[in-house]
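Observations on chain architecture
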Amino acid sequence: MSAAPSVLFDNHGRPLEYVRLAVTDRCNLRCFYCMPEEGIQYLPKRELLTYEEMERVVALLAGLGVRKVRLTGGEPFVRRDLVPFIGRLSQIPGIQDISLTTNGVLTAPHIPELVHLGVRTVNLSLDTLDRARFAAITRRDELPRVLDTFYALLAAGIRVKINAVVMDGQNTQDLVPLAELTRELPVDVRFIEEMPFNGGSHGAIQIPWSHVRIREHLEQHLGALMPIAQPYGATASEYSIAGHLGTVGIIAAYSRTFCGTCNRLRLTAEGGLKTCLYDQGVLDVRALLRGGSTDAEVTAALTHAFRNRAANGFEAERQRPVHQLSFESMSTIGG
Ligand code: SAM
Ligand code: SF4
């Protein structure tokens, strides 16, 4: 057991605890809100961070106090040898929690290995339970495989959080059926405000479905949503509903109500460091790693970046040299 590292605080008093790794920018779905139908211009393989490079960065971040890692993408399971990589991450001293965000299409066969490696939570993206609407939103007819993954995760005892992006005119009729899953199942169904990172799929978004309206809508149909206290750094406001086994959450990703306790960093598939989802990348970690920087130098650069964060997502957005967020795709950022 190694000694606990001292905690790194940013310039706004927020601790660094968590890193999200986009392990690839590639995906087997084409969700309307994430990328255009023809896909995005994928990075050449050599421009993606290697597993060894990611491992090195996570080890250095663990030395700065990071305890939690989430693997995302693109679709993490389209990258070869993901599971052995999770195994290596789990050996890094200080890393206590490894989780995944997946679309669930390729996930089911890996569940026993995930259990073996101690993965306790999986976030499963699922915007509708209707097969035709699923195909329209993701541009692929894969709902049956996603549902297989959902039930296999539950059967394996992995905690499941469903992520559903709320899109006006696309899936608002699905909010109540998705939330109804929590009546009989011990799942957390989280509704996410749509964000503008769609890789040019469509331009400026409007969010008629703000977190306030989502809550009102759910309450109209399901009764009172009772707030549940959340740990520091949580992005979702979580609620219980009388008589339901599971919980529902609402993530104000566009309204950005949670920035005051943001405890995370993001590493994009090409090794760009983001200290806020809405910034344009504040450090080229890949250049440091491939340019021969020592561990001490990389650690110093990561520390400097974290100590110079925007106060919130609005400030980060204002500081971007290019303001058009919809040129970026969430599949390179990792959500
Ligand atoms: N492919 C995996 C998946 O879909 O779960 C992981 C990557 S995906 C980019 C991570 C999360 O970001 C998903 O839950 C997805 O719904 C969410 N996301 C993608 N684009 C979004 C957008 N424009 N607004 C809000 N959430 C978005
Ligand atoms: Fe792929 Fe996830 Fe983006 Fe959908 S949200 S296109 S599954 S990366």
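Just above sits the structure.
Quick caveat, the model's predicted, so the values are computed rather than measured. (Residues numbered from 1 in each chain as written. Chains lettered and ligands numbered in written order. Predicted model: local features only at pLDDT ≥ 70, side-chain atom pairs only at ≥ 80, totals over all residues. Heavy atoms only, no water.)

Structural notes on the site of ligand 2
- Around ligand 2, a shell composed of C27, L29, C31, Y33, C34, M35, G74, N103 and S331 is seen.
- Here the shell around ligand 2 is composed, by residue class, of 6 nonpolar, 3 polar and no charged. (Near = heavy atom within 4 Å. Nonpolar A, V, L, I, M, F, W, Y, C, P; charged D, E, K, R; others polar.)

A few points about the pairing of strand β9 (residues 247-251)
- Counting buried residues in β9 gives 4 out of 5 residues, a clear majority hidden from the surface.
- When strand β6 (residues 188-193) meets β9, the two strands line up parallel, connected through 5 bridges. Opposite I192, over in β9, you have I251 as the bridge partner.
- In this sheet, β9 lies alongside strand β8 (residues 236-240) in antiparallel orientation, the contact comprising 5 bridges. Across the sheet, S240 pairs through a bridge with T247, a residue of β9.
- Counted between consecutive antiparallel strands, the loop separating β8 from β9 contains 6 residues, among which G243 sits at a positive phi close to 85°. (Buried < 20%, exposed > 50% of the residue type's maximum accessible area, 1.4 Å probe, protein only. Helix = DSSP H or I, 4+ residues; strand = E, 2+ residues; numbered from the N terminus. Pairing = 2+ DSSP bridges.)

Considering the packing of helix α6 (residues 175-184) against helix α7 (residues 211-222)
- At a closest axis distance of 10 Å, the pairing of α6 and α7 adopts a crossing angle of 60°. Of the two elements, α6 crosses α7, and the hand of that crossing is right-handed. Judged by residue contacts, L175, V176, A179, E180 and R183 of α6 engage I214, H217, L218, H221 and L222 from α7. (Axes fitted to C-alpha atoms, helices over the stretch in contact; angles between N-to-C directions. Left-handed = near helix turned anticlockwise from the far one by under 90°. Contact = heavy atoms within 4.5 Å.)

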